[in-house]
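The primary structure of each chain is shown beneath.
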Amino acid sequence: QVQLVDSGGGVVQTGGSLRLSCAASGFTFSSCGMHWVRQAPGKGLEWVAFIRYDGGNNYYADSVKGRFTISRDNSKNTLYLQMNTLRADDTAVYYCAKEGGVAAHIFDFWGQGTLVTVSS
Amino acid sequence: DIQMTQSPSSVSASVGDRVTITCRASQGISSWLAWYQQKPGKAPKLLIYTASSLQSGVPSRFSGSGSGTDFTLTISSLQPEDFATYYCQQANSFPFTFGGGTKVEIK
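Quick caveat: nothing in here was measured; it's all calculated off a predicted structure.

Rules of the game
- Residues numbered from 1 in each chain as written.
- Chains lettered and ligands numbered in written order.
- Predicted model: local features only at pLDDT ≥ 70, side-chain atom pairs only at ≥ 80, totals over all residues.
- Heavy atoms only, no water.
- Salt bridge = Lys/Arg side-chain N within 4 Å of Asp/Glu carboxyl O.
- Buried < 20%, exposed > 50% of the residue type's maximum accessible area, 1.4 Å probe, protein only.
- Disulfide = S-S within 2.5 Å.
- Helix = DSSP H or I, 4+ residues; strand = E, 2+ residues; numbered from the N terminus.

Q: For the pattern of salt bridges, give the residues involved together with the corresponding values.
A: Residues and elements named next belong to chain A. This model, assessed by the stated rule, comprises 11 salt bridges over all chains. For Asp-62, the salt bridge goes to Lys-65, with nearest N and O atoms at 3.1 Å. Note on Asp-62: relative accessible area 57%, which makes it exposed. Linked through salt bridges whose partners overlap, the residues forming this network are Arg-38, Glu-46, Arg-67 and Asp-90.

Q: Pulling in residues and values, what's your account of the state of the cysteines?
A: Throughout the structure, instances matching the rule amount to 2 disulfides over all chains. Disulfide pairing places Cys-22 of chain A opposite Cys-96 of chain A at an S-S distance of 2.0 Å. Taking the torsion about the S-S bond as the criterion, the Cys-22 of chain A to Cys-96 of chain A disulfide, at about 50 degrees, is right-handed. With Cys-22 of chain A in strand S3 (residues 18–25) and Cys-96 of chain A in strand S9 (residues 92–99), the pair connects residues that are 74 residues apart, well separated along the chain. Across the disulfide from Cys-23 of chain B sits Cys-88 of chain B; the S-S distance is 2.0 Å. Torsion about the S-S bond of the Cys-23 of chain B and Cys-88 of chain B cystine: about 70 degrees, corresponding to right-handed handedness. One end of the pair, Cys-23 of chain B, is in strand S3 (residues 19–25); the other, Cys-88 of chain B, is in strand S9 (residues 85–90), with 65 residues separating them in the sequence. Summary of cysteine pairing: Cys-32 of chain A is not part of a disulfide, and the nearest cysteine sulfur, belonging to Cys-22 of chain A, is at 12 Å. The exposure class of Cys-32 of chain A is buried, given its relative accessible area of 16%.

In structure tokens:
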């Protein structure tokens, strides 16, 4: 069965960096696009970034462009999100999500989420 | 960016009720719309994709309709496990955007 396990969250100071990971299993990771989606405490969902199955054609939300980098290691079935120059409004639960198998750009499986807290 | 507007933001309903949630896109998105259910402390779960297709394993009391700019999620007979927050999401173009959510509460 599909499993996505998010990790790497924690408390970091404003301006700091953090790298999130998402370990995938139960499907052919190297054939699937992947996303990061975040949710600030008590708020709605915000799409963050997408990476194509082969690592090409990355896309970002304007709110993170130039600060966050999505990447993947298909040999390790792992997705990453490098987050630099973190700000207070980056505080959120970050979920990795698998691109839908039946339709593009939907999220058919999600990780459990990892909490990032940016404090001053 | 395409803005997604959901209404209502919350609804109180009883078990067995029919519940309808609407989602409006700021520009036409054809049928590139998905619906998700999220329970407190949990990741969202895909319910509906391409506006009206039921995700595998999702009960048939959930249905979706619409195209262009106006969409609807209907729960035909609300069950206790359906009390949650529901989000629509446009899958038409980057950046993908979500509606603000509709919380379905127990009356």
